[in-house]
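Commentary on secondary and tertiary structure
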Amino acid sequence: MNEILNMSINEMPRTEFDCSCGRRHNFSVHDMVIRKGAIEELPKVAAPFKDGKVLVVFDQNTYKVAGQKAVELLKNDGFNLKELLFDSGDDILIPNESVVGRILQEQDPDVNLMIAVGSGVINDSVKYVTSRTKLPYIIVATAPSMDGYVADGAPLISAGYKYSYDAHLTYGLIGDTDILQTAPDDLIQAGFGDVVGKITAIVDWDLAVKANNDYRCDTCVELVNRALDKCFSKAEGLKTRDAESLGALLEALTLTGVAMALVNMSRPASGAEHMLSHFWEMDFIARGLNPNHHGIQVGVATPIIARFFEELKDILPEGVMDLCPSHEEIEELLKKGGAPSNPKEIGIERDLFHSSLIEGYKVRPRYSILQFAKDNGRLEEIADKITKEIYG
């Protein structure tokens, strides 16, 4: 029962077990290699697909830090490769119809594996395409920036709106800490912000169980909480790119992905804080602006959602508030890891901020503290109060 809690992260692939939550879980990722020099294992992980063609996808940045090395290793081992490079210049690559369509166009009939070299955008786009064309894919992580490396959802932009599409799990994950140390500061901050967001996501899940009779797996909650504790204990080292701290960050992001894969939903990782982030991102894109990295916004949104729990503590179901640190503690944690902690720091204007608090619950069909506030007639009152406290 729940033996996954006793495994190291590299032992978890191909795990199947009966859980105390009453369900049988399986984690079908074939290989996960997270350590110094892990990229050297790429030919071995990809070996079952050596007879066909491999499409390797990267952008101009990820090619320099890992793509070139990945291609070299695979060619030296005799793989037949095709390369696809996205060059977005100074703009952020957006995972939209254009990117997805281009990957699909480049998938020749004899391609039997894709390798994504990158983080959020490249991973999600390749994951989505391969899930629709029934191909496996391997992700070579270039930044500890998000939790989707071993999750089965693919958040993409379609007609200006952000949707989380059902996709599939990666065949293998390569997480080389030498490569992670080259990640830009903002991507490290994004990963840390995304991990901090799990604090309120777990509280939101507890609320949904008690107020909306949702399902929860306590094994997955424990898996996430253990990963958070380890990551937060080493948060200070993220500012200096300490390899151990970066490894703990990627491990926390990956274990959250494992938890999502086990329950086939994003509840262990995503609550109302993600709804605010998606709301802000869609607004930026609609105005033709480069959005902030998703995880940076998630981090900033987390103390905001903690404030909602604080404002509603008089009517929350018993025990929910016990799980939620104060918004001040969360802000200090973000600062400890070098991440932004205030919406004004990342260019969220007052009107957008206020609108997100009022309308954010509509972004995902999921019970959250925002829905709870609305159902109890207090959403606008709390939104007004928080907006005034932050923006004056």
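This write-up is about the structure you can find in this document. Just so you know, these numbers come straight off a predicted model, no measurement behind them.

Cut-offs used in this document
- Residues numbered from 1 in each chain as written.
- Predicted model: local features only at pLDDT ≥ 70, side-chain atom pairs only at ≥ 80, totals over all residues.
- Heavy atoms only, no water.
- Helix = DSSP H or I, 4+ residues; strand = E, 2+ residues; numbered from the N terminus.
- Expected span 1.5 Å × (residues − 1).
- Buried < 20%, exposed > 50% of the residue type's maximum accessible area, 1.4 Å probe, protein only.
- Arc of directions from axis to C-beta.
- Contact = heavy atoms within 4.5 Å.
- Polar contact = N/O pair within 3.5 Å; in protein donor to acceptor, adjacent residues only side chain to side chain.
- Phe/Tyr/Trp six-rings, centres within 6.5 Å; stacked < 30°, edge-to-face > 60°.
- Lys NZ or Arg CZ within 6 Å of the ring centre and 35° of its normal.
- Salt bridge = Lys/Arg side-chain N within 4 Å of Asp/Glu carboxyl O.
- Pairing = 2+ DSSP bridges.
- Right-handed = clockwise from strand over helix to strand, strands pointing away.
- Axes fitted to C-alpha atoms, helices over the stretch in contact; angles between N-to-C directions.
- Parallel < 35°, antiparallel > 145°, perpendicular 65-115°, else oblique.

Phi at R14 is positive, roughly 60 degrees, even though this residue is not glycine. Turning to its location among the elements, R14 is positioned in the segment before strand 1 (15-18). In this structure, K134 takes a positive phi of about 60 degrees despite not being glycine. Among the structural elements, K134 can be located in the loop between helix 4 (120-133) and strand 7 (137-141).

Quick look at helix 14 (residues 379-391) now. Taking 1.5 Å per residue, 13 residues should reach 18 Å; helix 14 reaches 18 Å between its end C-alpha atoms and fits that length. Turning to helix 14, its buried residues are L379, I382, A383, I386, T387, I390 and Y391. All buried residues of helix 14 project into a common sector of 135 degrees when viewed along the axis, lining one side. Buried residues belonging to helix 14 abut helix 10 (294-311), helix 12 (350-359) and helix 13 (369-375). The first or second residue beyond helix 14 is G392, which carries a positive phi of 85 degrees.

As a further point, take the environment of H25. Looking at the secondary structure, you find H25 in strand 2 (residues 24-27). The class of H25 is buried, set by a relative accessible area of 1%. The spatial distance from the C-alpha of H25 to the C-alpha of L173 is 20 Å, given a sequence separation of 148 residues. For H25, the residues in contact, after removing those within four places along its chain, are T15, E16, F17, C19, Y215, C217, L262 and V263. Within the structure, the side chain of H25 is placed 3.0 Å from the backbone oxygen of L262, a separation counted as a polar contact.

Let us look at the packing of aromatic side chains. Overall, the coordinates contain eight aromatic pairs when judged by the stated rule. An angle of 85 degrees between the planes, with centres 6.0 Å apart, marks the rings of F192 and F232 as edge-to-face. Here the residue F192 occupies a position in helix 6 (residues 185-212), and F232 occupies one in helix 7 (residues 218-233), the gap between them amounting to 40 residues. For the pair F192 and F232, a shared accessibility class is recorded, and that class is buried. Each residue in the set Y128, Y161, Y163 and Y165 is aromatic and connected to the rest through ring pairs, giving one cluster. Taking the ring centre of Y215 as reference, the NZ or CZ of R23 above it sits at 3.5 Å. K344 extends its terminal NZ or CZ atom over the ring of Y391, reaching a point 5.9 Å from the ring centre.

Given 3.6 residues per helical turn, the α-helix brings residues three or four places apart onto the same face. Listed as buried for helix 3 (residues 97-106) are V99, V100, I103 and E106. One side of helix 3 carries all its buried residues, which in axial view fall inside an arc of 130 degrees. Turned more than 90 degrees away from the buried face of helix 3, the exposed residues are S98 and Q105. The backbone nitrogen of S98 has a side-chain oxygen 3.2 Å away, supplied by the residue at the start of helix 3, namely N96.

A separate point is the pattern of salt bridges. One pass over the full model with this rule turns up 32 salt bridges. For E16, the salt bridge identified is with R24, shortest N-O distance 3.0 Å. Of the charged contacts in the structure, one is a salt bridge between D218 and R216, with a shortest N-O distance of 3.1 Å. Judged by its relative accessible area of 46%, D218 is partly exposed.

Our next topic: the pairing of strand 4 (residues 53-59). Within a regular beta strand, the side chains point alternately toward one face of the sheet and then the other, so they alternate between its two faces. Most of strand 4 sits out of view: seven of its seven residues are buried. Residues K53, L55, V57 and D59 of strand 4 are buried on one face, and the alternating residues V54, V56 and F58, pointing to the opposite face, are buried as well. Taken together, the seven bridges between strand 4 and strand 5 (residues 80-86) define a ladder with parallel strand orientation. For F58, the partnering residue across the bridge sits in strand 5 and is L85. Since strand 4 and strand 5 lie parallel, the crossover through helix 2 (residues 60-76) that links them has a hand, and here it is right-handed. Note that strand 4 and strand 6 (residues 111-118) share five bridges and pair parallel. Each bridged residue has a counterpart across the sheet, and for K53 the counterpart in strand 6 is V111.

If you trace the backbone, H278 turns up in helix 9 (residues 272-286). On the basis of relative accessible area, H278 is assigned to the buried category, the value being 5%. Setting aside its immediate chain neighbours within four residues, H278 contacts K162, H294, V363 and R364.

Relative to each other, helix 10 and helix 11 (residues 327-336) sit at 170 degrees, their axes nearing to 8 Å. On the basis of their axis angle, the class for helix 10 and helix 11 is roughly antiparallel. For the pair formed by helix 10 and helix 11, the contact residues are G299, V300, T302, P303, A306, R307 and E310 on the first element and H327, E328, I330, E331 and L334 on the second.

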